[in-house]
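# An overview of the molecular structure
Listed below, chain by chain, are the residues.
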Amino acid sequence: VAAPLLLRIADFQEVLGEPTVALAKLRDLCFSGIPFDGGLRCLCWKILLNYLPLEKALWSSLLKKQRDLYSQFLKEMIIQPGIAKANLGVSREDVTLEDHPLNPNPDSRWNTYFKDNEVLLQIDKDVRRLYPDMAFFQRPTDYPCLLILDPQNEFETLRKRVEQTTLKSQTVARNRSGVTNVSSPLKTTPNSLSEYEVLPNGCEAHWEVVERILFIYAKLNPGIAYVQGMNEIVGPLYYTFATDPNSEWKEHAEADTFFCFTNLMSEIRDNFIKSLDDSQCGITYKMEKVYSTLKEKDVELYLKLQEQNIKPQFFAFRWLTLLLSQEFLLPDVIRIWDSLFADDKRFDFLLLVCCAMLTLIRDQLLEGDFTLNMRLLQ
């Protein structure tokens, strides 16, 4: 086994060793799976997702520029609102001159702050559940964000924001008749914050890093903001970069993941926008394509699903929107993504994988009734 792997690694090193990476050759190699060794996958994904240019001489200046830009985002979107919140208790004039929580103006900074909290709570709920069968996302990162975790800082971090907002919403719960019912904050609902061990000060878990990436993405892309499922797209990217064997890359996993995620989302964001569902670029069109491809490849199976009125919406929506990240274990998702990112037509390959998944269980589908088949497919 070792010899072929060494030859494959050598092939990758040769292509990546050129002053200008030959993209067609690299795609070809990556399509058959990228070795993890030496950080090859992390590097190839960054090229395939258009984060790194093909001219290697440009890499170091680009990386520095992008990572500095990400630090700027952290300062503007997490640190400054947190400082404003911390200062609020300190100086009264700060309140009257600047802006205050009861300011009715929709452009008020506080109005934005409260709106952001709604998005943040949704992200928080989703990222805490990332790959629950793996300990990775609950573990502390080796590179906690020093900008944010500086012990001198009294300002509010995202974690504190979530804890305070959750506490408030748990304490004051409105019942249906509109009477405010004050429940004890000590009675926490299952799946609440208490389920997770809180890491000591100065540490942060990997899921908290993913939360920051998604929160900043939502702030910078108000047209789409955050939609459930984006956590499943960012998870495998971050995991891959945060386990890079090269520590000088691994240290910047957060910023690099953010930009690769942003680039990937620019290709698939239409799947997440409801109003585009029925357009040429929307998800319905892609789901129909799964069936038209299946019709070409296996007409008998296609007719059976049609006859049972099993529409692609019932199962292919999740497959396509989340790039199969929910259908396989993480190592397999990562392997599928090697080919997906390497495919220059990108999502044609995804349609073929979906059809292959159907034809692999064709015998069971041909025998099953509607209920059985729905269970199988979902």
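Residues numbered from 1 in each chain as written. Predicted model: local features only at pLDDT ≥ 70, side-chain atom pairs only at ≥ 80, totals over all residues. Heavy atoms only, no water.

### Some thoughts on the overall build of the protein
Helix and strand counts for the protein stand at 19 helices and two strands. Restricting to contacts in the protein with at least 6 residues of sequence separation, those with at least 24 account for 70%. (Helix = DSSP H or I, 4+ residues; strand = E, 2+ residues; numbered from the N terminus. Contact = heavy atoms within 4.5 Å.)

### Looking at helix 10 (residues 230–242)
Residue pairs spaced three or four apart in an α-helix point in one direction, given the helix's 3.6 residues per turn. The first and last C-alpha atoms of helix 10 sit 18 Å apart over 13 residues, in line with the 18 Å expected at 1.5 Å per residue. Taken across its 13 residues, helix 10 has 12 buried, putting it largely inside the fold. All of the buried residues along helix 10 are Met230, Asn231, Glu232, Ile233, Val234, Gly235, Pro236, Leu237, Tyr238, Thr240, Phe241 and Ala242. (Expected span 1.5 Å × (residues − 1). Buried < 20%, exposed > 50% of the residue type's maximum accessible area, 1.4 Å probe, protein only.)

### Structural notes on the packing of aromatic side chains
For the structure on display, the rule yields 16 aromatic pairs. Residues Phe31 and Phe349 carry aromatic rings whose centres are separated by 5.1 Å and whose planes lie at 75° to one another, so their mutual orientation is edge-to-face. Of this pair, Phe31 sits in helix 2 (residues 23–31) while Phe349 sits in helix 17 (residues 347–360), and the two are 318 residues apart along the sequence. Of the residues examined, Phe31 reaches a relative accessible area of 35% and is grouped as partly exposed. Given the relative accessible area of 17%, Phe349 is considered buried. Centre to centre, the rings of Phe136 and Tyr239 are 4.8 Å apart; their planes meet at 80°, and the pair counts as edge-to-face. One end of the pair, Phe136, is in the loop between helix 6 (109–127) and helix 7 (146–149); the other, Tyr239, is in helix 10, with 103 residues separating them in the sequence. Classification of Phe136 as buried rests on a relative accessible area of 9%. Residue Tyr239 is classed as partly exposed on the basis of its relative accessible area of 23%. An aromatic cluster is defined as three or more aromatic residues linked by ring pairs; in this entry it consists of Tyr51, Tyr70, Phe73, Phe258 and Phe259. Above the plane of the ring of Phe241 lies Lys46, whose end atom (NZ or CZ) is 4.3 Å from the centre. (Phe/Tyr/Trp six-rings, centres within 6.5 Å; stacked < 30°, edge-to-face > 60°. Lys NZ or Arg CZ within 6 Å of the ring centre and 35° of its normal.)

### Comments concerning the packing of helix 10 against helix 16 (residues 330–342)
It is the contact of helix 10 with helix 16, at a shortest axis distance of 11 Å, that shows an interaxial angle of 95°. Compared by their axis directions, helix 10 and helix 16 come out roughly perpendicular. Residues Glu232, Ile233, Pro236, Leu237, Tyr239 and Thr240 of helix 10 pack against Leu330, Val333, Ile334, Trp337 and Phe341 of helix 16. Of the residues in the contact of helix 10 with helix 16, the class split is nine nonpolar, one polar and one charged. (Axes fitted to C-alpha atoms, helices over the stretch in contact; angles between N-to-C directions. Parallel < 35°, antiparallel > 145°, perpendicular 65-115°, else oblique. Nonpolar A, V, L, I, M, F, W, Y, C, P; charged D, E, K, R; others polar.)

### Some thoughts on the side chain of Asp256
Here Asp256 is to be found in helix 12 (residues 253–268). A distance of 2.7 Å separates polar atoms of two side chains, one belonging to Asp256 and the other to Tyr51. For Asp256, the residues in contact, after removing those within four places along its chain, are Lys46, Tyr51, Leu63, Arg67, Phe241 and Trp249. (Polar contact = N/O pair within 3.5 Å; in protein donor to acceptor, adjacent residues only side chain to side chain.)

### What to know about the side chain of Arg159
For Arg159, the location among the structural elements is in helix 8 (residues 158–171). Within the structure, Arg159 has its side chain in polar contact with the side chain of Glu208 (distance 2.7 Å).

### Some details on helix 12
The terminal C-alpha atoms of helix 12, which comprises 16 residues, lie 22 Å apart, in line with the 22 Å expected from a rise of 1.5 Å per residue. Burial analysis of helix 12 places 12 of its 16 residues in the buried class, the great majority of the element. Residues of helix 12 that are buried: Ala253, Glu254, Ala255, Asp256, Thr257, Phe258, Phe259, Cys260, Phe261, Leu264, Met265 and Ile268.

### Topic: the pattern of salt bridges
Oppositely charged side chains can form a pair if their charged atoms are brought close together. In this structure the tally under the stated criterion is 16 salt bridges. In this structure, Arg129 and Asp126 form a salt bridge, with 3.0 Å as the shortest nitrogen-oxygen distance. The class of Arg129 is partly exposed, set by a relative accessible area of 35%. What you see here is one network of salt bridges that share partners, running through Asp298, Glu300, Arg362 and Asp363. (Salt bridge = Lys/Arg side-chain N within 4 Å of Asp/Glu carboxyl O.)

### Points about unusual backbone geometry
The backbone of Ala225 shows a phi angle near 55°, a positive value even though the residue is not glycine. For Ala225, the position within the fold is in the loop between helix 9 (206–220) and helix 10. The backbone of Leu324 shows a phi angle near 65°, a positive value even though the residue is not glycine. For Leu324, the position within the fold is in the loop between helix 15 (316–321) and helix 16.

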